[in-house]
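# Secondary and tertiary structure notes
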Amino acid sequence: MTSTYPPLKSGSLLAGRHAPAGEQKALVLLEKNGQKVIYKTFAAGEIMPTHHASVDVFVAVLAGRLIITQEDVPTEVTAGDYVIIPNGAPHSLHCLEPARILIYR
C-alpha cells in the first residue's frame with residue numbers, strides 16, 4: 001500500500017517513551033503556511049531581550065519557572081501555565097530556573 005501522507009513524527013519533549021528532543025535553543029517542530037510550533041529550552045538566568053512578533057504568540061510552559069514581561073508588566077509562569085501575547089506587543093523573558101517551552105506563532 002502506498003502512503004499519501006508523510007510518516008508520523010514523534011519525540012519526547014520531557015521524559016516520554018519516544019526519542020528525546022533534548023536541550024534545544026530553538027527546534028521548529030512544525031512549520032506550515034507561515035505558522036510555526038517551536039520548542040525551546042532555557043538555562044536558569046537566561047534572558048530573551050524585549051522584542052515583538054507580527055502575529056499573536058501562544059507560549060506553553062512544559063517545565064521550569066520564568067517571568068514573561070509584556071509592556072513592563074511581569075507575569076511569573078511555571079509548568080502547566082500558558083500566556084498569549086498579542087500581535088505587536090513588546091515582550092521579554094527571564095528564566096528563573098531551567099525551563100522548556102512550546103511557542104506557537
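Coordinates for the structure precede this section.
What you see is a predicted model; the values in this text were computed from it and never measured. (Residues numbered from 1 in each chain as written. Predicted model: local features only at pLDDT ≥ 70, side-chain atom pairs only at ≥ 80, totals over all residues. Heavy atoms only, no water.)

## Concerning the overall build of the protein chain
Filter applied, for reference: Counting from the N terminus, the helices are DSSP H or I runs at least four residues long and the strands are E runs at least two residues long. For every accessible area listed, the method is Shrake-Rupley and the probe measures 1.4 Å; residues are considered covered only by the protein chains on display. Neither His nor the chain ends contribute to the count of charged residues, in which Lys and Arg are positive and Asp and Glu negative. Taken as the charge location is NZ of Lys, CZ of Arg, CG of Asp or CD of Glu.
Across its full length, the protein chain holds 0 helices and 7 strands. Each helix and strand of the protein chain, ordered N terminal to C terminal, gives the series β-β-β-β-β-β-β. Expressed as lengths along the three principal axes of its C-alpha atoms, the size of the protein chain is roughly 55 × 30 × 20 Å. Accessible surface, the protein chain as shown: approximately 7100 Å² in total, 57% of it carbon and sulfur. Separation between the mean location of the 9 positive side-chain charges and that of the 9 negative ones in the protein chain comes to 12 Å.

## Digging into a nonpolar patch on the surface
Where we set the bar: Each patch is built from residues that are more than 30% exposed by relative accessible area and take part in no salt bridge. Like charges join if they lie within 9 Å; nonpolar side chains (Val, Leu, Ile, Met, Phe, Trp, Tyr) join within 5 Å. In what follows, salt bridge is the name for a side-chain nitrogen of Lys or Arg lying within 4 Å of a carboxyl oxygen of Asp or Glu.
Together, Phe58, Tyr82, Ile84 and Tyr104 line one region of the surface with nonpolar side chains, adding up to about 420 Å² of accessible area. Inspection of the secondary structure puts Tyr82 in strand β6 (residues 82-85).

## Describing the environment of Val28
The cut-off we apply is this: Per-residue accessibility, obtained with a 1.4 Å probe over protein chains only, is compared with the maximum for each type, and a residue is labelled buried under 20%, exposed over 50%, and partly exposed between these values.
Mapped onto the elements, Val28 comes out in strand β1 (residues 27-32). The exposure class of Val28 is partly exposed, given its relative accessible area of 40%.

## Things to note about the nonpolar core
Nonpolar side chains tend toward joint burial in soluble globular proteins. So the rule is basically this: Only buried residues count toward a nonpolar core. Its members are Ala, Val, Leu, Ile, Met, Phe, Trp, Tyr and Cys residues joined through side-chain atoms within 4.5 Å. The contact criterion used is simple: two residues touch if any of their non-hydrogen atoms lie within 4.5 Å.
Counting residues in each nonpolar core, the largest one holds 18 residues, and the members touching the most others are Phe42, Val59, Leu66, Ile68, Ile85, Leu93 and Ile101. At the level of secondary structure, the elements contributing two or more residues to this core comprise β2 (35-42), β4 (57-70), β6 and β7 (91-104). With residues up to four places along the chain from it excluded, the contact list for Leu93 reads Phe42, Glu46, Ile47, Met48, Leu66, Ile67, Ile68 and Ile101.

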